[in-house]
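Each chain is listed here by its residues.
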Amino acid sequence: MNIEQRERIWSEWYAWHPVLPIDDTVFWLETVYRRETAEGLWQYRSFRPEAERIKAAAAMHIYPGA
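Bear in mind that the values here come from a model prediction, so they are computed numbers and not experimental data.

Things to note about the environment of Ala 56
At step 1: Position of Ala 56 among the secondary structure elements: in helix H2 (residues 50-59).
At step 2: A relative accessible area of 26% means that Ala 56 is categorised as partly exposed.
At step 3: Separated by 31 residues in the primary sequence, Ala 56 and Thr 25 place their C-alpha atoms 9.9 Å from one another.

Below, the structure is given as structure tokens:
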């Protein structure tokens, strides 16, 4: 498989360390999708619908001074 093909393929991956998807907030201990860029770096996506992201953001606790 050449680099151009790898760039187009997203593989399911379990985020066992904190990752920042390009389309979402930090994921950790959750399933995300990743692919390798042409530079050899990993890029992550959650593919969560916008409604789910809004719902999750509304459920986040806000702590003063955080």
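Remarks on a nonpolar patch on the surface
At step 1: The grouping of Tyr 14, Trp 16, Leu 20, Val 26, Trp 28 and Leu 29 at the surface amounts to a nonpolar patch, some 720 Å² of accessible area in total.
At step 2: Within the fold, Val 26 resides in the loop between strand E1 (11-15) and strand E2 (30-36).
At step 3: Classification of Val 26 by relative accessible area gives exposed; the value is 52%.

Considerations on the side chain of Arg 53
At step 1: Locating Arg 53 in the fold gives a position in helix H2.
At step 2: Excluding residues that lie within four positions of it along the chain, Arg 53 makes contacts with Asp 23, Asp 24 and Arg 48.

Observations regarding the packing of aromatic side chains
The relation between two aromatic rings is expressed through the spacing of the ring centres and the mutual angle of the planes.
At step 1: Summed over the entire model, instances satisfying the criterion amount to three aromatic pairs.
At step 2: Ring plane angle 85° and centroid distance 5.7 Å describe the contact between Trp 10 and Phe 47, whose orientation is recorded as edge-to-face. Linking Trp 10 in the loop between helix H1 (3-8) and E1 with Phe 47 in the loop between strand E3 (42-45) and H2, this pair joins segments that are 37 residues apart in sequence.
At step 3: For Phe 47, a relative accessible area of 40% translates into the label partly exposed.
At step 4: Judged by centre distance (5.4 Å) and plane angle (40°), the ring pair of Trp 13 and Tyr 44 falls under tilted. In this pair, Trp 13 is assigned in strand E1 and Tyr 44 in strand E3, connecting sequence segments 31 residues apart.
At step 5: A relative accessible area of 12% places Tyr 44 in the buried class.
At step 6: Directly above the aromatic system of Trp 42 lies the positively charged group of Arg 34, at a separation of 3.8 Å from the ring centroid.
At step 7: The ring of Phe 47 carries Arg 45 above its face, with NZ or CZ at 4.2 Å from the centroid.

Conventions adopted
- Residues numbered from 1 in each chain as written.
- Predicted model: local features only at pLDDT ≥ 70, side-chain atom pairs only at ≥ 80, totals over all residues.
- Heavy atoms only, no water.
- Helix = DSSP H or I, 4+ residues; strand = E, 2+ residues; numbered from the N terminus.
- Buried < 20%, exposed > 50% of the residue type's maximum accessible area, 1.4 Å probe, protein only.
- Patch = residues over 30% accessible without salt bridge, like charges linked within 9 Å, V, L, I, M, F, W, Y side chains within 5 Å.
- Areas by Shrake-Rupley, 256 points an atom, 1.4 Å probe, with all protein chains shown as cover.
- Salt bridge = Lys/Arg side-chain N within 4 Å of Asp/Glu carboxyl O.
- Contact = heavy atoms within 4.5 Å.
- Phe/Tyr/Trp six-rings, centres within 6.5 Å; stacked < 30°, edge-to-face > 60°.
- Lys NZ or Arg CZ within 6 Å of the ring centre and 35° of its normal.

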